[in-house]
Amino acid sequence: SAFYYCTSLRRLRFELGDNGISIASDAFDCCRQLIFIELVGNIHKAISSLGLTQWRDDMNREIDHINHLLPNIHASEKTAELSQWVDTIQSKMECYKLMENTSILELALWKATQLDKGEGVNVWERQTCRMSCGAAVVIPHVLAFIKAADL
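Here is a short report on the structure shown in this document. (Residues numbered from 1 in each chain as written. Predicted model: local features only at pLDDT ≥ 70, side-chain atom pairs only at ≥ 80, totals over all residues. Heavy atoms only, no water.)

Quick look at the overall build of the chain
Link 1 in the chain: For the chain, the helix and strand inventory stands at five helices and two strands.
Link 2 in the chain: Helices and strands in the chain line up, N terminus first, as β-β-α-α-α-α-α.
Link 3 in the chain: Relative to its 151 residues, the chain shows a buried fraction of 30%.
Link 4 in the chain: Counted over contacts in the chain with a minimum sequence separation of 6, partners at least 24 positions apart contribute 73%.
Link 5 in the chain: Of the accessible surface of the chain, which amounts to about 9900 Å², a share of 54% is contributed by carbon and sulfur atoms. (Helix = DSSP H or I, 4+ residues; strand = E, 2+ residues; numbered from the N terminus. Buried < 20%, exposed > 50% of the residue type's maximum accessible area, 1.4 Å probe, protein only. Contact = heavy atoms within 4.5 Å. Areas by Shrake-Rupley, 256 points an atom, 1.4 Å probe, with all protein chains shown as cover.)

Here it is as structure tokens:
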């Protein structure tokens, strides 16, 4: 593989694109000096677009986490650890984007129900609109469709 047994490799920069990244099974094994990974590219833009600060902070912590682990990982385990780290970043990002999109869908359904009621909707009527907007039916079907499309 590309860097297998490269004893002088200390730092690595790579881009985690929309389609992810595939790391060969032994790509960084025996790279004893590899202690720092930097993700570049659109991943940082995608993280900054997340609506909740807690999600952005969690993703940034996850990205930084590998650099705390690498110096203490045995050289023969570096590739496996990097692959697991990339998988974690990708799955967390997908989860946060999905949660954000379902929230937007719920708000749109709620707003559409409110518009049907007309002007001057009071607090109780807004809550009733939220409970009867159909989100409990629509969102599970949309999620099932999205999961089926990912397969």
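That was the structure; now back to the text.
Remarks on the packing of aromatic side chains
Link 1 in the chain: Here the structure, examined in full by the defined rule, presents four aromatic pairs.
Link 2 in the chain: Relative to F28, the ring of F3 has its centre 5.6 Å away and its plane inclined at 15°; by these criteria the two rings are stacked. Of this pair, F3 sits in the segment before strand 1 (11-15) while F28 sits in the loop between strand 1 and strand 2 (36-40), placing them 25 residues apart in sequence.
Link 3 in the chain: Judged by its relative accessible area of 33%, F3 falls in the partly exposed class.
Link 4 in the chain: Residue F28 is classed as buried on the basis of its relative accessible area of 8%.
Link 5 in the chain: Considering the side-chain rings of F14 and W85, the 6.2 Å spacing of their centres and the 90° angle between planes classify their relative orientation as edge-to-face. (Phe/Tyr/Trp six-rings, centres within 6.5 Å; stacked < 30°, edge-to-face > 60°.)

Comments concerning the pairing of strand 2
Link 1 in the chain: Burial of the side chains of strand 2 is restricted to one face: I37 and L39 are buried, whereas none of F36, E38 and V40 on the reverse face is.
Link 2 in the chain: Bridge count for strand 1 against strand 2 is five bridges, and the pairing is parallel. Within the sheet, the bridge partner assigned to R11 lies in strand 2 and is F36. (Pairing = 2+ DSSP bridges.)

A look at the side chain of N67
Link 1 in the chain: Take N67: it is sitting in helix 2 (residues 53-69).
Link 2 in the chain: Among the residues examined, N67 registers a relative accessible area of 18% and is labelled buried.
Link 3 in the chain: Separated by 2.6 Å, the side chain of N67 and the backbone nitrogen of I37 make a polar contact. (Polar contact = N/O pair within 3.5 Å; in protein donor to acceptor, adjacent residues only side chain to side chain.)

Details of the nonpolar core
Link 1 in the chain: Ranked by internal contacts, the top residues of the largest apolar core, which has 26 residues, are F28, L34, I37 and W85.
Link 2 in the chain: Elements supplying a minimum of two residues to this core: strand 1, strand 2, helix 1 (42-48), helix 2 and helix 3 (78-117).
Link 3 in the chain: A per-element tally of this core places helix 3 first, with six residues.
Link 4 in the chain: Setting aside chain neighbours within four positions, we find L34 in contact with L9, R10, R11, L12, F28, L70, K78 and L82. (Core = buried A, V, L, I, M, F, W, Y, C linked by side-chain atoms within 4.5 Å.)

Digging into helix 2
Link 1 in the chain: With 17 residues, helix 2 ought to run about 24 Å at 1.5 Å a step, and its terminal C-alpha atoms sit 25 Å apart, in line with that.
Link 2 in the chain: Remark: the principal bend of helix 2, roughly 25°, maps to I63.
Link 3 in the chain: Of the positions making up helix 2, those classed as buried are W55, D58, M59, E62, I63, I66 and N67. (Expected span 1.5 Å × (residues − 1). Bend = angle between axes of the 7 residues up to and from the residue.)

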